[in-house]
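# A look at the structure
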Amino acid sequence: MSTPVDEYVDCLPLHLRAYAILADARPKSPSAAKRPKLAPASDYTVVFDTETTTDPSQHLRFGTFCVYRGENLFRSGIFWAPNAVSERELETLRRFAADNGLDLLTRNQFADDILFGIGYDLRATIVGFNLPFDISRIAISHGSARGKKMRGGFTFKISTDRRRSNIQVKHVSQRMAFINFTKPFKQLHSRSQRQRGDKIETSLDHFVDVKTLASALLSGGYSLASLSKHLNVINQKLEFDEFDGPISDDMIKYAVRDTHATWECYVELRDRFEALGLTDLRPEKAYSEASIGKACLKQMGIAPWQQSQPNFEPQKIANIVSAYFGGRSEVRIRREIKQVMLCDFLSMYPTVCSLMGLWRFVTSKNKVTRDATNEASAILSNVTLEALQSKEAWLNLAMLVRVKSEKDIFPVRTKYQKAQTATIGLNKLTCSKPLWFTLADCIASKLLTGKPPEIVEAIGYAPGTMQSGLKPINIMGNADYRINPAKDDFYKRVIELRHETKEQLRFAREADAPSLEAAQLNLKTNANSTSYGIFIENNVSDRMGKATLSVYNGIDEPFNTEKSKIEETGVFYDPLLATLITGAARLMLAITETLVSQKQLEWVFCDTDSMAIAKPEKMEQSRFIEKVQSIINWFDSLNPYGFGGSILKSESYNYSHVNGKILTPLFCFAVSAKRYVLFNMDENNKPMIRKASGHGLGHLIAPYGSNNPATGIPQPFQSVAKIGVPLWQHDLWWKIIEAALDGHPFQVDLSYHPNLLRPAMSRYAATSPALLAWFKSYNNGKAYRDQVKPFGFMLSLSAQCILDDERFFDDWSKRRPAVKPLKPIAPFTRDPEIAALNALDRVTGEPMDRTLLKSYVSVLASYHLHPENKFWNGAYMECGTTKRRHIIADSANHIGKEANNWEQQAVLGLDSNESIIY
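Residues numbered from 1 in each chain as written. Predicted model: local features only at pLDDT ≥ 70, side-chain atom pairs only at ≥ 80, totals over all residues. Heavy atoms only, no water.

## A few points about the pattern of salt bridges
Quick note on the threshold: One side-chain nitrogen of Lys or Arg within 4 Å of one carboxyl oxygen of Asp or Glu is enough to make a salt bridge. Only runs of H or I of at least four residues qualify as helices and only runs of E of at least two qualify as strands under DSSP, and these elements are numbered from the N terminus. Whether a residue is buried, partly exposed or exposed follows from its accessible area with a 1.4 Å probe, protein chains only, as a fraction of its type maximum: under 20%, in between, or over 50%, in that order.
Overall, the coordinates contain 39 salt bridges when judged by the stated rule. In this structure, R61 and E89 form a salt bridge, with 2.9 Å as the shortest nitrogen-oxygen distance. In this pair, R61 sits in strand β5 (residues 60-69) while E89 sits in helix α1 (residues 87-99), placing the two residues 28 residues apart along the sequence. Under the relative-accessibility criterion, E89 is labelled buried at 9%. When the shortest N-O distance is used, the salt bridge between E503 and R506 registers 3.1 Å. You can see E503 and its partner R506 sitting in helix α16 (residues 490-506), three residues apart, about one turn around the helix. Judged by its relative accessible area of 57%, R506 falls in the exposed class. Through salt bridges with shared partners, one network takes in R328, E330, R332, E593 and R884.

## Observations concerning the pairing of strand β20 (residues 406-414)
This is how the line gets drawn: By this definition, two strands are paired if DSSP reports at least two bridges between them.
The buried fraction of β20 amounts to seven of the nine residues, a majority that puts the element mostly inside the structure. One ladder, built from eight bridges, connects β20 with strand β21 (residues 423-430); its direction is antiparallel. Following the sheet pairing, P411 is matched in β21 by L426.

## Quick word on the nonpolar core
Stated precisely, the cut-off is as follows: Nine residue types can take part in a nonpolar core, namely buried Ala, Val, Leu, Ile, Met, Phe, Trp, Tyr and Cys, and a core is a set of them joined through side-chain atoms within 4.5 Å. Pairs of residues are marked as contacts when any of their non-hydrogen atoms sit within 4.5 Å.
Grouped together as the largest cluster of nonpolar side chains are 144 residues, with contacts concentrated most on L227, M588, I591 and F635. With 14 residues, the single largest contributor to this core is helix α18 (residues 575-598). In this structure L227 touches F129, V210, A214, L218, Y222, C265 and L269, once residues within four positions along its chain are discounted. Ranked by size, the runner-up nonpolar core spans 44 residues in total, among them I736, L750, A836 and L860.

## Side note on the packing of aromatic side chains
Heads up, the condition is: By convention, a stacked pair of Phe, Tyr or Trp rings (six-membered ring in the case of Trp) has centres within 6.5 Å and planes under 30 degrees apart, an edge-to-face pair has planes over 60 apart, and any other such pair is tilted. A ring has a charge above it when a Lys NZ or an Arg CZ is no more than 6 Å from the ring centre and no more than 35 degrees off the ring normal.
On inspection of all chains with the given rule, the structure shows 35 aromatic pairs. Ring geometry for Y349 and Y532: centres 4.8 Å apart, planes at 50°, overall tilted. Highlighted residues: Y349 in helix α11 (residues 348-356) and Y532 in the loop between α17 (513-530) and β26 (538-552), separated in sequence by 183 residues. Considered together, Y349 and Y532 belong to a single accessibility category, that of buried residues. The cationic tip of K316 hangs over the ring face of F312; the distance from NZ or CZ to the ring centre is 6.0 Å. In this structure, R885 packs its charged tip against the face of W872, placed 4.5 Å from the ring centre.

## Overview of the environment of I737
Following the sequence through the fold, I737 ends up in helix α21 (residues 727-741). Taking the C-alpha atoms as reference, I737 lies 33 Å from F410; in sequence the two are 327 residues apart. If near-sequence neighbours (up to four positions away) are discounted, I737 is found in contact with I337, V677, F679, P687 and I689.

## Focus: the confidence of the model for the protein
Spelled out, the test is: pLDDT runs from 0 to 100 and stands for how confident the predictor is about each residue.
Looking at the protein, the pLDDT average stands at 90 and 92% of residues meet or exceed 70. This stretch, residues 1-5, has a pLDDT under 50; its non-local contacts, to residues over four places away or in other chains, come to zero contacts. Low pLDDT (under 50) marks residues 803-809, which in the prediction has 13 contacts with non-local residues, meaning those over four places away or in another chain.

## Considering the packing of α16 against α17
Rule in force here: Note on geometry: axes are lines fitted to C-alpha atoms, helical ones only across the stretch in contact, with angles between N-to-C directions running from 0 to 180 degrees. The cut-offs work like this: below 35 degrees is roughly parallel, past 145 is roughly antiparallel, 65 to 115 is roughly perpendicular, and the gaps in between are oblique. For any pair of crossing helices, the crossing counts as left-handed if the nearer helix is rotated counterclockwise from the farther one by less than a right angle, and right-handed if it is rotated clockwise. In this classification, the charged set is Asp, Glu, Lys and Arg, the nonpolar set is Ala, Val, Leu, Ile, Met, Phe, Trp, Tyr, Cys and Pro, and all remaining amino acids, among them Gly, are polar.
Interaxial distance between α16 and α17 falls to 9 Å at its minimum, and their mutual angle equals 160°. The angle between the axes of α16 and α17 places the two elements in the roughly antiparallel class. Crossing of α16 against α17: the hand is left-handed. Between α16 and α17, the residues in contact are F490, Y491, V494, I495, L497, R498, T501, K502, Q504 and L505 and A513, L516, E517, A519, Q520, L523, K524, N526, A527 and T530, respectively. In terms of residue class, the contact of α16 with α17 is built from eleven nonpolar, five polar and four charged.

## Here's the deal with the sheet that holds strand β22 (residues 435-438)
Judged by pairing direction, the sheet is antiparallel, and its four strands sit side by side in the order β18-β23-β19-β22 without closing on themselves. Looking at the sheet topology across the chains shown, the edges are occupied by β18 (367-371) and β22. Each adjacent strand pair in this sheet contributes to an overall mean axis angle of 25°, direction not counted. As paired strands, strand β19 (residues 399-404) and β22 are joined by four bridges and run antiparallel to one another. Residue pairing across strands places V403 opposite L435, the latter belonging to β22. Each of β19 and β22 touches helix α15 (residues 439-449); the most contacted strand, β22, lies at about 90° to it.

## Re the sheet that holds strand β12 (residues 176-181)
Here four strands make up an open sheet; going across it, the order is β9-β10-β11-β12 and the pairing antiparallel. A strand with exactly one partner marks an edge of an open sheet, and here the two such strands are β9 (141-144) and β12. Direction aside, neighbouring strands of the sheet carry axes that sit 25° apart on average. Here strand β10 (residues 154-157) runs beside strand β11 (residues 167-173); their pairing, made up of three bridges, is antiparallel. Along β11, the bridge assignment pairs F154 with V169.

In structure tokens form, the structure reads like this:
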């Protein structure tokens, strides 16, 4: 009897995460190395900001500064660049300074008297907004940074005094950078101190970028304008656009206000940070939410797992890592308008941590393993939806299962299209070699296929003895927010405290509301920052030469390889927890999908912790709402918290924007993973966008703004901040919806604004010597002030595809050479036409033909057609329900961290050299 042919079979190599260590690496010491005492920052604070020319050099014109001692203003003023200010402008600066009681200094005087005389000599905290840019503007020269930590960054010479230190800056991400003074040449300790070993290091990195601190505390990206508004400081950022003109009183007033706004935002954020009560973390080291999470665990006396159990076998770690996949994100009904109800899980990662009892692992000295093959087989044979409503079932999920997959549905990481990077899709998988997955993923597969996967072996994990020395903490220094790590489930307790605080906020007096709002946000940060990311933290560093690595993996024998990119695990690296957390989150979505199917409903998309459940065309509205509510109610029994209700919630978008208690028909149009729009229909049957995704658009400079709106498109009925995208992206989605409603979803009219005919531009910064090197030919022969400098803004443009173009091939009698893609860049300018004139190819350095540059219309033309290649029926011109592929694994690639320099690649295009393939 012949086997029926699977319609959607692909033979593809799997991309499996591996665990690579230096071949000569030694196990980490069980006891943390004794750190030298650090002299803290003094009570001085230097705040400064710069204003630059608008030409490609973005050279310093003038800047403003304030020096505070404690909370008191000690000194303030203006500094100016002698080679960038005319006599008339200098007179304007002198008059403004005199009229407002400000010092007027040259750039050199500011560097020596303020930045070094106070900032360095008096150990002041040096504050700015987007500090890397401002530091690079006041520099008089630069070079590549040295040292393991700062390699790949810049060293800036600030003072003309050769005895003074330089400043090093290394870009890490769009929201953070490492910044420090270089060490001085003089000996910092006396002979007697050195003989006693009594060293007190003077910290050289008291730099606080307010942009970074805001991101860590408030979980988002902010401009100075949006941050000062969000924090409601007194001196909010002013609006000013006439930067091309001569220095005027209004320009100086704008610059002075920027410094005051930066200071006030810093003070507010500093106070919020201090309220966290984290004695082991300084504001200048709060680089991200993860920094706060790690400091919180340290405050409780919790030792990192790799420190407390340093001899855990690398092969066992590799097995765990090979089972790690991120959150599930996909589109099921593609490019069709569907009425939906959007539901999301309450604090998904802290919730599954509580359900699985993972806090016991965090506080334990070690992990205990057992053979759980028979146990896993019994669970998979007997598991049902009803069984998963028991909290006891979730306590048994701390298990990895090695399975021989035969059309089981598992997360599959592979290159679904050759030109793409590897992505993850939940697909049918067949593999001749056994693979490791979480027990949660195996249960999800059974729910979705009806059959249990074939088990080869299973390893169960349990926490060992509890660590000694655990200490209770008061979150935000508040005794009402006290948590004892030895007795309390931290994740459960923090979410409960946040719920209580939000309830208080509902009925609070206006005067009490700001402090309660700050408290609930801080509690959210504590929950999110300790419940996932820190456990899978890998930092990629570049070496001068290649190092020999031993690569352990979950499917093949270990092997050695040589690489210049090295992955270094974070302090609280614990891949088992990260793997179990994301596996359990995928199980939550699989349960939801199964319930949707049982209720004869549909779903449009899911994204990590949410699912848009769709109404079948012929179903009555009341029946649809009733069925969705029954799905929400199913999760009532899994609520691990002290307050009632389901952990699956109906999102606010399902309700009227006028009356938040009335359910209103919500519609969805989804293109591909993370590309969707939610909207209502108004009384004129026109779309009113409630929420939109800017995925794939965020790198583009806005072609227009609210001062030059598009014609024929209604203004958003609420702020674009609530919608989630800027105005021009709102308008694009509105036109996509309009085309779908009018019956031509493949053809979207992009003629609604003339600026869309201009060259499409993306702004990025020269954040590394390698990026700046692209402008070597441009900078050649120019004075330093006229060169494109580190952290200066540049432009990336898009080139048309060139096929058999005679401009690139003159001799038709010979074999045609392979055409390499053009990669246009340009020095920064706000004028797209000037950018087009100065565009050059970043590979060859040759000028670009303006006619080869893509316009916004060309770049956006296929946005609404973007494929969902990890599923069938997801190609450019396809719509409707996507279908899971059947992947037959024909080989395996062992890889490292997938998202290295993803922000840079989003702007400049995919770079295969950034991927780590062992």
